[in-house]
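# Descriptive structure summary
The residues making up each chain are set out below.
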Amino acid sequence: MLVRLVLESLFPAHSHGAYTLSLFDEEKERILPILIGTNEAQAINLELEGISTQRPLTHDLLLNFLLELDVKIEKIVINDFKEGIFHSEIHYVHNGENKVMDSRTSDAICLAVKAEVDIFALDKIMDEVAYNQQGKKGSEDEPGRLSIDELIPDGKSSDGFSEYSVSQLDIMLQESINREDYSKAAMIRDEISKRK
């Protein structure tokens, strides 16, 4: 089953030179955090802000090229998550045929934003990686629902963070800082540092 996602935010990640892109599942109020590079973040941000460049950037050039060849992007699907890396497909139509092409997720999302098409993820990926918005408590039988408030109930140990990916930790770090919960932010930061 496909879950439609809306681009919610883009901000610098704890990892140097990376950005965290938050995609939001409006139906179940889950956030899917994705770590992307500086170039893709810049291209997405320019598009979101409605800023045009004097010359086409890489993703603009690619989209212009596809349009020139009468290729219509239909949707983007985040279809796998292996070893901490998201995998995506670009669904498109060419010469009346529906086709699918493998893509890096950051490139696929950038093209989706520029082509103004929907972004989807498989529900199983959302169950595995997404977490509840604003640290809301998720159902215990729903895997992948992170609750910042309940993650470390005693507030004294960072052991509870070991099962989460760096991209999840980056989002949780930012949210802890936003909520001014600096002790929890410090524990998340320490867990990220341990993995470097």
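In what follows, the structure referred to is the one given above.
Scope of this entry: the structure provided in the associated data block. (Residues numbered from 1 in each chain as written. Predicted model: local features only at pLDDT ≥ 70, side-chain atom pairs only at ≥ 80, totals over all residues. Heavy atoms only, no water.)

Of all eight residues in strand E2 (residues 18-25), seven are buried, a share of seventy percent or more. The sheet contact formed by strand E1 (residues 2-12) and E2 spans six bridges and is antiparallel. By the bridge assignment for E2, Leu10 is matched with Leu21. Across eight bridges, E2 lies against strand E3 (residues 30-37) in antiparallel orientation. When the sheet's bridge partners are listed, Ser22 is paired in E3 with Pro33. In this structure, the hairpin formed by E2 and E3 is closed by a connection of four residues, where Glu29 is found at a positive phi of approximately 55°. (Buried < 20%, exposed > 50% of the residue type's maximum accessible area, 1.4 Å probe, protein only. Helix = DSSP H or I, 4+ residues; strand = E, 2+ residues; numbered from the N terminus. Pairing = 2+ DSSP bridges.)

Along the polypeptide, Ser22 turns up in strand E2. Look past the residues within four positions of Ser22 in its chain and what remains in contact with it is Val6, Leu7, Glu8, Ser9, Phe11, Ile31, Leu32 and Ile171. (Contact = heavy atoms within 4.5 Å.)

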